[in-house]
Amino acid sequence: MAGVRRLLPSLNRVLVEKVVPPTKTNAGILLPEKTTKLNSGKVVAVGPGARDRNGNLIPVPFKEGDHVLLPEYGGTEVKLSDKEFHLYRDDDILGTLHE
Amino acid sequence: MAGVRRLLPSLNRVLVEKVVPPTKTNAGILLPEKTTKLNSGKVVAVGPGARDRNGNLIPVPFKEGDHVLLPEYGGTEVKLSDKEFHLYRDDDILGTLHE
Amino acid sequence: MAGVRRLLPSLNRVLVEKVVPPTKTNAGILLPEKTTKLNSGKVVAVGPGARDRNGNLIPVPFKEGDHVLLPEYGGTEVKLSDKEFHLYRDDDILGTLHE
Amino acid sequence: MAGVRRLLPSLNRVLVEKVVPPTKTNAGILLPEKTTKLNSGKVVAVGPGARDRNGNLIPVPFKEGDHVLLPEYGGTEVKLSDKEFHLYRDDDILGTLHE
Amino acid sequence: MAGVRRLLPSLNRVLVEKVVPPTKTNAGILLPEKTTKLNSGKVVAVGPGARDRNGNLIPVPFKEGDHVLLPEYGGTEVKLSDKEFHLYRDDDILGTLHE
Amino acid sequence: MAGVRRLLPSLNRVLVEKVVPPTKTNAGILLPEKTTKLNSGKVVAVGPGARDRNGNLIPVPFKEGDHVLLPEYGGTEVKLSDKEFHLYRDDDILGTLHE
Amino acid sequence: MAGVRRLLPSLNRVLVEKVVPPTKTNAGILLPEKTTKLNSGKVVAVGPGARDRNGNLIPVPFKEGDHVLLPEYGGTEVKLSDKEFHLYRDDDILGTLHE
């Protein structure tokens, strides 16, 4: 078990590592609580996609490395060799975040 | 995190900045409460669209800058660099408002 | 806001202005309460239509000016420059009324 | 309002005027309560039909004048110039009655 | 009303006359209660069939005279000139019974 | 009624005679309760199959004589000439059992 | 019954033997409880797959021997000759685990 490193999600599932928002700026100044409440994460792995009603495979619209906005609820917690990840269905992810 | 400026919504989601109805006319006269209750907003960004049952992509029928009438309930609150937005599915938006 | 005059409904939504049934005849005679209870309205604007499962656009079967019979419940209230309207999905409207 | 005479039902709706079963025979003899409990009506008007999932219009399988068996529940009451009618979806009507 | 003899069921509905299981053999011997509990009936009339999602008409898989096994619950009671029938959707009927 | 021997299930229904697991070995030794709890049965008859959304007939994936694993719940009890059977939809049956 | 060794799952069902995570390393040192909580199993047998709405057979995306991540809930317990297995639908399995 300790050897398990990677999860290849099935169907249209997306494995995400949550981004813990910094509470201080680089200079150590406390950030106002408001700006730190964005529930987001980095995409670690994506499934092959789900099939529509006619059996066509619909690829997942996210790729490894995407910074994504996560819904307030949902997501399945998955522990892989001491790291915590969350698994979402692609259509529950709200969008991609950009600088 | 403070660097996150933009959200590209996924699927048929629409990012809206609510229009706060003025309570006074330009001349400062209080507007009757009735006329100021329209729940509307400006479209900031739209997703690529959702797929119908046969996998065809159905584009979102709204574009950036549209003034849209919002439903009384629903919408997900999203804070991006101190500004408050709301995320709706396109079929929950009631229509476009015109002068 | 006071400038907003028109709403273009989205999808298969229909904007209706309710017809307030007269309680008296032209000659001022009180109409029996029974005959005045028809819940109906005039169509003010219609959406482009909704899509069926295969993505085909199904036009709204009503047009501006139609006198329509409304369901007892449902309908979203919309205030536009002091006038009250109601928004329905086309398949909730029971039919058209004719002299 | 007193001018409204006719309702053209929308979609697959059917306008029915309920048949009030006679409680006596022509000769005035009281009919046993059992035989008079058939919940039926005459078709007054039918809608154009509803669309199946692929957008094909499926005509209503009843026509004006049909004597139809009605379900125990359901039906929307509609008053048109002092007469009482009921509106059903075509697939809620149980069948046609014949001598 | 007393003139109504026949019901032509609509869609995939099936009109059934329940078979009342004999409690005694021909020789008058009481049958054990167990063997008499089969909830079955004779098909009296069938509808034209229902449409699948693509509008194709799917005929009812039963015909007049079939001896059918009925579900424990469901079925709409219909009285036609003093006789009692029951109306089922074809997919609620469990199968055909054979000697 | 006593003459009814056979049921031809409708649609994708499967008629099963439950296998009552032996509580003792052939040599009469009591089997541990654990090994005797498999809820299974022999297929006695199958329906013609159900239709998919496009009206294609999907045959039942089991045949007479198959030893099948049954779900913990569900199944309609059917008594035919003193024997007890159970009726299942084919997609509720968990699989086939093999030596 | 004691002879039943194998289950061929039906449709898109997957038979899994749960992996009981070791609580100690090979050298006998107690593993922190956190790392041992992965709910996973080895695929023992898979069904032929389910059909999409148009009747096309969609194969199961797992094969015998795959190490799979299981959902927290669900799964039907199946005892086959003293061994305990669990039966899942393929779309409930979260993905495959790799070293």
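Residues numbered from 1 in each chain as written. Chains lettered and ligands numbered in written order. Predicted model: local features only at pLDDT ≥ 70, side-chain atom pairs only at ≥ 80, totals over all residues. Heavy atoms only, no water.

Draft legend 1. Structural context of the side chain of Asp52(B). With respect to the element layout, Asp52(B) can be found in the loop between strand E4 (50–51) and strand E5 (57–58). Polar contacts involving the side chain of Asp52(B) include one to the main-chain amide nitrogen of Gly55(C), which spans 3.3 Å. Those residues in contact with Asp52(B) that lie beyond four places of it in its chain are Ile58(B), Arg53(C), Asn54(C) and Gly55(C). (Helix = DSSP H or I, 4+ residues; strand = E, 2+ residues; numbered from the N terminus. Polar contact = N/O pair within 3.5 Å; in protein donor to acceptor, adjacent residues only side chain to side chain. Contact = heavy atoms within 4.5 Å.)

Draft legend 2. Up close: the pairing of strand E8 (residues 83–89) of chain C. Residues and elements named next belong to chain C. Bridge count between strand E2 (residues 13–18) and E8: four bridges; the pairing is antiparallel. Bridge pairing links Leu15 to Leu87 in E8. In terms of strand pairing, strand E7 (residues 76–80) meets E8 through five bridges, oriented antiparallel. Residue pairing in the sheet places Val78 in a bridge with Phe85 of E8. Linkage of E7 to E8, two consecutive antiparallel strands, is achieved through a turn of two residues, within which Ser81 is found at a positive phi near 35 degrees. (Pairing = 2+ DSSP bridges.)

Draft legend 3. Here's a closer look at the interface of chain B and chain A. If you look at the interface, chain B gives 22 residues, while chain A gives 24 residues. Roughly 2,000 Å² of surface becomes buried between chain B and chain A when both sides are summed, with 61% attributable to carbon and sulfur atoms. For the pair chain B and chain A, the interface holds zero salt bridges. For the pair chain B and chain A, the interface holds eight residue pairs in polar contact (both at pLDDT 80 or more). Taken together, the elements giving at least two residues each to the side of chain B that touches chain A come down to strand E1 (6–9), strand E7 (76–80) and strand E8 (83–89) of chain B. Residue composition of the side of chain B that touches chain A, by class: nine nonpolar, five polar and eight charged. Inspection of the sheet shows strand E9 (residues 95–98) of chain A paired to E1(B) by four bridges, in the antiparallel sense. Following the sheet pairing, Leu97(A) is matched in E1(B) by Leu7(B). (Buried area = accessible area lost by both parts, 1.4 Å probe. Salt bridge = Lys/Arg side-chain N within 4 Å of Asp/Glu carboxyl O. Nonpolar A, V, L, I, M, F, W, Y, C, P; charged D, E, K, R; others polar.)

These figures capture arrangement, not role.
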